[in-house]
Amino acid sequence: MDEAYSAFRAAVGSFANRWIATGLPSRQGLDEAAGNLECLRERLKVNGIWDQSPSMVTATLDDGLGQGLAIIEKYAVAVGIRLIRLGLMQTPEAVMDACRLYQPDFLGLTILQFDTEDDLICIANHLPSKTRIVAGGPVFSGDPDFAGRTGTHFAAKNVAVFLRYMLDTSNNPQM
C-alpha cells in the first residue's frame, strides 16, 4: 500500500471517527467536507479507499426528497465509488433490473416507511450474489430487526457510519 493511498484512507477515517464521537456537522459542513475529501483524492492521485473502485447503484423506494441519499452519494464519489444513480421513488423492478444490468458491488437505498418491507425483501432476493445492500433511513432505527428481516447487509445510521463501513469493506471485501 503506497503512502498516498494510506494518507487518503487516514483522512477518511479521521472524518468518520470524529463524527461518530462528536456528532455530524451541519449540512453545509458535510458538503464542504465531501468536497475536501474529493479534492484530496484528486491531489493524491488515488482511486479512493480501494485498489479498484467498486460500483454502487443508488435509489429511494419511498423517499421523494432524497436528502440522506444525496449526502451518501457525495461521500461515495468522494471515497472513489463509481455511482449509478437511479433517482427517487423507484420501483423494486427498476432497482432489480439496474442491479442485474450493472452488477454493482453495493446497492445504496433510502427507506423511510415500514410498508416497503416486502419490496426490500423482494429486491434482496433478486440481487446478483456479489451485491450488498447498504441502506439508511428511520425504519432501521425504529425497528432494529428490520435490516435482518429484509436482507439488508448494512444499515447506516448516518454518513459517518457509512464511511466507517466502507473503510472496513475496503479492508475486507467479503463484508
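Model, not experiment: these values are computed from the prediction. (Residues numbered from 1 in each chain as written. Predicted model: local features only at pLDDT ≥ 70, side-chain atom pairs only at ≥ 80, totals over all residues. Heavy atoms only, no water.)

Enquirer: Looking at this model, I keep getting lost on the overall build of the protein chain. Mind explaining?
Expert: When helices and strands are counted, the protein chain shows eight helices and five strands. Sequence-ordered secondary structure for the protein chain, helices as α and strands as β, is α-α-β-α-β-α-β-α-β-α-α-β-α. Taking 2.2 N^0.38 as the reference for a compact globule, 175 residues should give roughly 16 Å; the C-alpha atoms of the protein chain span a radius of gyration of 16 Å, in line with that estimate. For the protein chain, the residues scored as buried account for 50% of the 175 residues in total. Of the contacts formed within the protein chain by residues at least 6 apart in sequence, a portion of 78% connects residues at least 24 apart. One way to put it: in the protein chain the 15 positive side-chain charges average out to a point 8 Å from where the 20 negative ones average out. (Helix = DSSP H or I, 4+ residues; strand = E, 2+ residues; numbered from the N terminus. Rg over C-alpha atoms; globule rule 2.2 N^0.38 Å. Buried < 20%, exposed > 50% of the residue type's maximum accessible area, 1.4 Å probe, protein only. Contact = heavy atoms within 4.5 Å. Lys, Arg positive; Asp, Glu negative; His and termini not counted. Charge placed at Lys NZ, Arg CZ, Asp CG, Glu CD.)

Enquirer: Just checking my understanding: could you explain helix α2 (residues 27-44) for this structure?
Expert: Helical periodicity: at 3.6 residues per turn, an α-helix aligns residues three or four positions apart in one direction. Here α2 spans 26 Å end to end across 18 residues, near enough to the 26 Å set by a 1.5 Å rise per residue. Those residues of α2 that fall on the buried side of the exposure criterion are G29, L30, A33, A34, L37, L40 and R41. Angular distribution of buried residues about the axis of α2 spans 135 degrees; they occupy a single face of the element. Exposed side chains of α2 directed beyond 90 degrees from the buried face belong to Q28 and R43. Looking at the buried residues of α2, the elements they touch are α1 (3-22), α3 (67-78) and α8 (159-171). Positioned one or two residues after α2, K45 has a phi angle of 60 degrees, which is positive. (Expected span 1.5 Å × (residues − 1). Arc of directions from axis to C-beta.)

Enquirer: Looking at this structure, I do not really get the nonpolar core. What am I missing?
Expert: One broad rule of soluble globular proteins: the nonpolar side chains tend to lie buried together. With 36 residues, the main nonpolar core has W19, Y75, I81, F162 and M166 as its most contacted residues. Secondary structure elements with two or more residues in this core: α1, α2, α3 and α8. If one sorts the elements of this core by residue count, α1 sits on top with eight residues. Ignoring anything within four residues of it in the chain, the contact list for Y75 reads W19, L30, A33, A34, L37, V159, F162 and L163. Counting 20 residues, the second-largest nonpolar core is a separate cluster that includes V95, L109, L120 and F146. (Core = buried A, V, L, I, M, F, W, Y, C linked by side-chain atoms within 4.5 Å.)

Enquirer: Explanation requested: the pairing of strand β4 (residues 132-136) in the structure shown.
Expert: The side chains of a regular strand alternate between both faces of the sheet. Taking burial as the measure, the five residues of β4 include five buried ones, the bulk of the element. Both faces of β4 are covered, namely the face carrying R132, V134 and G136 and the face carrying I133 and A135. As paired elements, strand β3 (residues 106-110) and β4 share five bridges and run parallel to each other. Looking across to β4, one finds that L109 is bridged to A135. Remark: the β3/helix α5 (residues 117-125)/β4 crossover connection has right-handed handedness. Sheet topology note: the β4/strand β5 (residues 154-155) ladder contains two bridges and is parallel. Looking at β5, one finds that A135 is bridged to A155. (Pairing = 2+ DSSP bridges. Right-handed = clockwise from strand over helix to strand, strands pointing away.)

Enquirer: Explain the side chain of T116 to me, please; I cannot follow it from the model alone.
Expert: Within the secondary structure, T116 is located in the loop between β3 and α5. Not counting the four nearest positions on each side in its chain, T116 is found in contact with L61, D62, I111 and F146.

Enquirer: Sorry, what's going on with the packing of aromatic side chains here?
Expert: For any two aromatic rings, the description comes down to two numbers: the centre-to-centre distance and the angle of the planes. For the structure on display, the rule yields five aromatic pairs. Between the aromatic rings of F114 and F146, the centroid separation amounts to 6.0 Å while the plane-to-plane angle is 80 degrees, which identifies the pairing as edge-to-face. Note that F114 is positioned in the loop between β3 and α5 and F146 in helix α7 (residues 146-150), a separation of 32 residues in sequence. Since its relative accessible area comes to 44%, F114 is described here as partly exposed. F146 sits in the buried class, given a relative accessible area of 0%. (Phe/Tyr/Trp six-rings, centres within 6.5 Å; stacked < 30°, edge-to-face > 60°.)

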